[in-house]
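# Structural overview for review
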Amino acid sequence: PVSMAADATASNIASTKADAHAKYEAMLKREENLRKMEEEKAKELEEIKARKAAIAKKRAEDEAALEEFRRKRAEEQARLAETERKRQAAIAKKEKARKEKARAIRERKMLGPKSVFSKDNVLLLKKIYDKYDTDHDGRVSIQEMKEGLHGSAVGHALDGMQLDKDGSGTVDFPEVLRMLHPSASASEFSVLCYWMGIDVDAVDETVVHPQPRPW
């Protein structure tokens, strides 16, 4: 009986040791599995971070490339706009020169080759006239103009002329032109008005056309 009890005890001890060893092995295996899972999770997180970083880098590169494209396009548009502006300016300059040339030819034809009229003199006369047109209504006081021009070449030319034809005491510039150039034909008088930017169609017919002398 003692021997049998001892065997049973030894068997129990061996079984207990085996169970403990098995549990220990199982625990080690679980810990190893947990470690591997944590390593895999950490690796996965690192891969996610790397992908996000790559995506962010690619987005930044794309945005930089887009910004550079926009900058270059804006520069190109500005260059094209400046080129077009210069082209239009050149066209306008040529067109202005063409119109000036055509106008000069037209004026020469209207005035004739022996014209005695001077544009500079007409411009000077208009400048003098405007000094007296203080309210800019296109008419000036005859008395004030005569007093202001007294002793000048224009004043002498106006002396003795019947300026106040309508009794208003005022005169407009086309009337002054006609008085100083009584022999100018209607076409010549139109050029004188044209020089001043005056619409000859708005000028009285009796002023545009030279009046016959009373003798």
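Structure shown above.
The following refers to the structure shown. (Residues numbered from 1 in each chain as written. Predicted model: local features only at pLDDT ≥ 70, side-chain atom pairs only at ≥ 80, totals over all residues. Heavy atoms only, no water.)

## Quick look at the overall build of the chain
The helix and strand tally for the chain stands at seven helices and two strands. Helices and strands appear in the chain in the N-to-C order α-α-β-α-α-β-α-α-α. Here the chain holds 215 residues, and 17% of them are scored as buried. Taken as a whole, the chain presents about 16,500 Å² of accessible surface, with 57% of it coming from carbon and sulfur. (Helix = DSSP H or I, 4+ residues; strand = E, 2+ residues; numbered from the N terminus. Buried < 20%, exposed > 50% of the residue type's maximum accessible area, 1.4 Å probe, protein only. Areas by Shrake-Rupley, 256 points an atom, 1.4 Å probe, with all protein chains shown as cover.)

## Thoughts on the pattern of salt bridges
Under the defined criterion, the tally for this structure stands at 13 salt bridges. Of the charged contacts in the structure, one is a salt bridge between R35 and E32, with a shortest N-O distance of 2.2 Å. Within this pair, R35 and its partner E32 are both found in helix α1 (residues 2–111), separated by three residues, close to a single helical turn. You can call R35 partly exposed: its relative accessible area is 34%. For E32, a relative accessible area of 30% corresponds to the partly exposed category. Ionic contacts of the salt-bridge type, sharing partners, join the residues E68, R71, K72 and E75 into one network. (Salt bridge = Lys/Arg side-chain N within 4 Å of Asp/Glu carboxyl O.)

## What to know about the packing of aromatic side chains
Scanning the model with the defined rule gives one aromatic pair in all. If you follow K126 out to its NZ or CZ, it ends over the ring of F173, 5.7 Å from the centre. (Phe/Tyr/Trp six-rings, centres within 6.5 Å; stacked < 30°, edge-to-face > 60°. Lys NZ or Arg CZ within 6 Å of the ring centre and 35° of its normal.)

## Quick notes on helix α5 (residues 173–180)
Here α5 lies mainly inside the structure; seven of its eight residues are buried. Burial in α5 covers these residues: F173, P174, E175, V176, L177, R178 and M179. Those residues of α5 that are buried lie in contact with α2 (119–132), β1 (139–141), α3 (142–148), β2 (170–172), α6 (186–195) and α7 (205–208). (Contact = heavy atoms within 4.5 Å.)

## Structural notes on the environment of Y129
Along the polypeptide, Y129 turns up in helix α2. Counting along the chain gives 10 residues from Y129 to R139, while the straight-line C-alpha distance between them is 9.1 Å. Sequence-distant contacts of Y129, that is, excluding residues within four places in its chain, are made with G138, R139, V140, M145, V171, D172, F173 and V176.

## Things to note about a nonpolar patch on the surface
Together, Y24, M27 and L28 line one region of the surface with nonpolar side chains, adding up to about 260 Å² of accessible area. Within the secondary structure layout, M27 lies in helix α1. (Patch = residues over 30% accessible without salt bridge, like charges linked within 9 Å, V, L, I, M, F, W, Y side chains within 5 Å.)

## Focus on α6
Of all 10 residues in α6, eight are buried, a share of seventy percent or more. Where α6 is concerned, the buried positions are A186, E188, F189, S190, V191, L192, C193 and W195.

## Overview of the nonpolar core
Counting 24 residues, the largest nonpolar core has M145, V171, L177, F189, L192 and W195 as the members making the most contacts within it. Elements represented by at least two residues in this core include exactly α2, α3, α5, α6 and α7. In this view, L192 contacts F117, V122, L177 and H181; residues no more than four positions away in its chain are not counted. (Core = buried A, V, L, I, M, F, W, Y, C linked by side-chain atoms within 4.5 Å.)

## A short note on unusual backbone geometry
Although it is not a glycine, H136 sits at a positive phi angle of roughly 55°. One can find H136 in the loop between α2 and β1.

## Here's the deal with the packing of α2 against α5
Viewed as axis vectors pointing N to C, α2 and α5 meet at an angle of 130°, and their least axial separation amounts to 11 Å. Considering the angle they form, α2 stands oblique to α5. The way α2 lies across α5 gives a crossing that is right-handed. Seen from α2, the contacting residues are V122, L125, K126 and Y129; seen from α5, they are F173, V176, L177 and L180. (Axes fitted to C-alpha atoms, helices over the stretch in contact; angles between N-to-C directions. Parallel < 35°, antiparallel > 145°, perpendicular 65-115°, else oblique. Left-handed = near helix turned anticlockwise from the far one by under 90°.)

Read these as spatial facts, not as claims about activity.
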